[in-house]
Amino acid sequence: MLRPLLRLLFCIMPLATGAFAADSGTAGFVTKAAQAYMIEAATGTVLLAKNEDQGFSPASLAKLMTMDLVFEAVTKGQITFDTEYPVSEYAWRTGGAPSRTATMFASLKSRVRVEDLIKGVAIQGANDSCIILAEGMAGSEQQFAVSMTRRARELGMETAEFGNSTGLPDGKSKVTAREMVTLATALQQSYPNLYPYFAQPDFEWNKIFQRNRNPLLGLDLGADGLATGFTEGEGYSIVASVERDGRRLFLALAGIDSDKERTEEAKRVLEWGLTAFENRQIFADKEVIGAASVYGGTSRTVDLVAKAPVSVYIPISNPDRLSARIVYRWPLTAPVEADTQAGALRIFAGSRLLREVPLYTVQAVGEGSLSSRAVDAMLELGESLFFSWLWDKSAPG
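As the structure is a prediction and not an experimental result, all values here were calculated from the model. (Residues numbered from 1 in each chain as written. Predicted model: local features only at pLDDT ≥ 70, side-chain atom pairs only at ≥ 80, totals over all residues. Heavy atoms only, no water.)

1. Some remarks on helix α7 (residues 177-190)
An ideal rise of 1.5 Å per residue puts 20 Å on 14 residues; α7 measures up with 20 Å between its terminal C-alpha atoms. For α7, the complete set of buried residues consists of A177, E179, M180, V181, L183, A184, T185, A186, L187 and Q188. Those residues of α7 that are buried lie in contact with β2 (35-40), α2 (63-75), β8 (223-231), β9 (235-244) and β10 (247-256). (Helix = DSSP H or I, 4+ residues; strand = E, 2+ residues; numbered from the N terminus. Expected span 1.5 Å × (residues − 1). Buried < 20%, exposed > 50% of the residue type's maximum accessible area, 1.4 Å probe, protein only. Contact = heavy atoms within 4.5 Å.)

Have a look at this one:
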């Protein structure tokens, strides 16, 4: 059984980690993309990871961050759908009809409503729409790009850099596949009323009709977003989301050789993600998962639980090793309050991290007596020296 083994390990090894194991599955799936990352949304389970933290130029994928800032401003009431922004000569030349890039064909010196600009970006990936929004909201595209990078950090995108609102080549912008999935997830979960713009099939402006650039929308996958990109020398990329039979996946692929291969590979990866996994619950709601050591307290351990049932998606076939460990900053020091985040449960398939779940203390642990604190201090010192010796012995010479 998984959970009794977990508790046994905590009893015999008072480290900051414990582990359990059981048979699960891995798919041995190979993608043609140079970088790839895919998760199941409800559990956060990582289904596919390949060079997921390797940077690449976002190209038009950068427009998703532009949309995040615009959606946030609309949601907070800082701007409205009826707010109008002027089309500057810079926006017109850089991203409009003269640019021969993706455009909504906004007319020079006209004014365009925010909702129409959103449609231009979300449906057509229009560069002029992005620049008009950036200039209107921040005064300049350069200042808007600063806000894009700042917002990336707020979302947990630790390395992403944005040099402009469009993703047009600037020699600065970099993202990773993991970060783009983080951004796509935030867009869908934070702005459920605005996210559907990404799935609208077409857009017309200035009597010019254009279809949605997302090649997955018409493939009966359940796709409802998000964007594609291309960078000379780095290839084709895509960030996609599908929802089918109650299961939502987010995917980022980059470094693909052709437009056609990008569509085929995204479809193949998503179909695999939708059909090759099953959901398995590991811990019930509020079930004690393990315990953490406490020093200087009325108790030497505190129980840990998750805020919700803990489930993961695992491959149906090709068994792999499912393992997990509890990690926390060892040791906890009394007093410890109840319902305090004290660590995390990390679940692995083989060596691949599937998901990480925050863990919280069940009960409070008060500060112990002077004598008990002295005994605990001696135990802590002894354990620190013992495990330090083990680490030294295992370190490469």
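And the narrative resumes.
2. Some words on the side chain of S237
Here S237 shows up in strand β9. Residue S237 is classed as buried on the basis of its relative accessible area, which comes to 4%.

3. Remarks on the nonpolar core
As a rule of thumb, nonpolar side chains are buried together in soluble globular proteins. L64, F162, M180 and F198 are the most contacted members of the largest nonpolar core, which has 59 residues in total. With eight residues, α2 is the single largest residue contributor to this core. Once you skip the residues sitting within four places of it in the chain, L64 turns out to touch M180, L183, L187, F198, L226, A227 and V239. The next biggest cluster of nonpolar side chains, apart from the first, holds 26 residues, and it includes F283, V310, I314 and L359. (Core = buried A, V, L, I, M, F, W, Y, C linked by side-chain atoms within 4.5 Å.)

4. Observations regarding the pattern of salt bridges
Between side chains of opposite charge, pairing is possible as soon as their charged atoms come close. For the coordinates displayed, the defined rule picks out 21 salt bridges. One salt bridge connects R113 with E115, and the closest N-O pair in it is separated by 3.1 Å. Judged by its relative accessible area of 23%, R113 falls in the partly exposed class. The exposure class of E115 is buried, given its relative accessible area of 17%. The partner of R151 in a salt bridge is E154, and the shortest N-O contact between them spans 3.3 Å. (Salt bridge = Lys/Arg side-chain N within 4 Å of Asp/Glu carboxyl O.)

5. With respect to the sheet that holds β9
Strands pair in a sheet through their backbones, by hydrogen bonds, and they do so in one of two ways: parallel or antiparallel. In spatial order, the strands read β3-β2-β10-β9-β8; together these five strands make up an open sheet with antiparallel pairing. Strands with a single pairing partner mark the edges of an open sheet, and in this sheet they are β3 (46-50) and β8. Neighbour-to-neighbour, the strand axes of the sheet open up by a mean angle of 5 degrees, direction not taken into account. Examined bridge by bridge, β9 and β10 share eight bridges and lie antiparallel to one another. Looking at the pairing, V242 lines up with L249 of β10. Lying over the sheet, helix α8 (residues 259-275) contacts β2, β3, β8, β9 and β10, oriented at roughly 150 degrees with respect to β10. (Pairing = 2+ DSSP bridges. Axes fitted to C-alpha atoms, helices over the stretch in contact; angles between N-to-C directions.)

6. Notes on the environment of F277
With respect to the element layout, F277 can be found in strand β11 (residues 277-283). With relative accessibility at 3%, the residue F277 sits in the buried group. Between the alpha carbons of F277 and I314 there is a distance of 5.2 Å; along the sequence they are 37 residues apart. Non-local contacts of F277, meaning those with residues more than four positions away in its chain, are made with L47, R247, W272, Y313, I314, P315 and I316.

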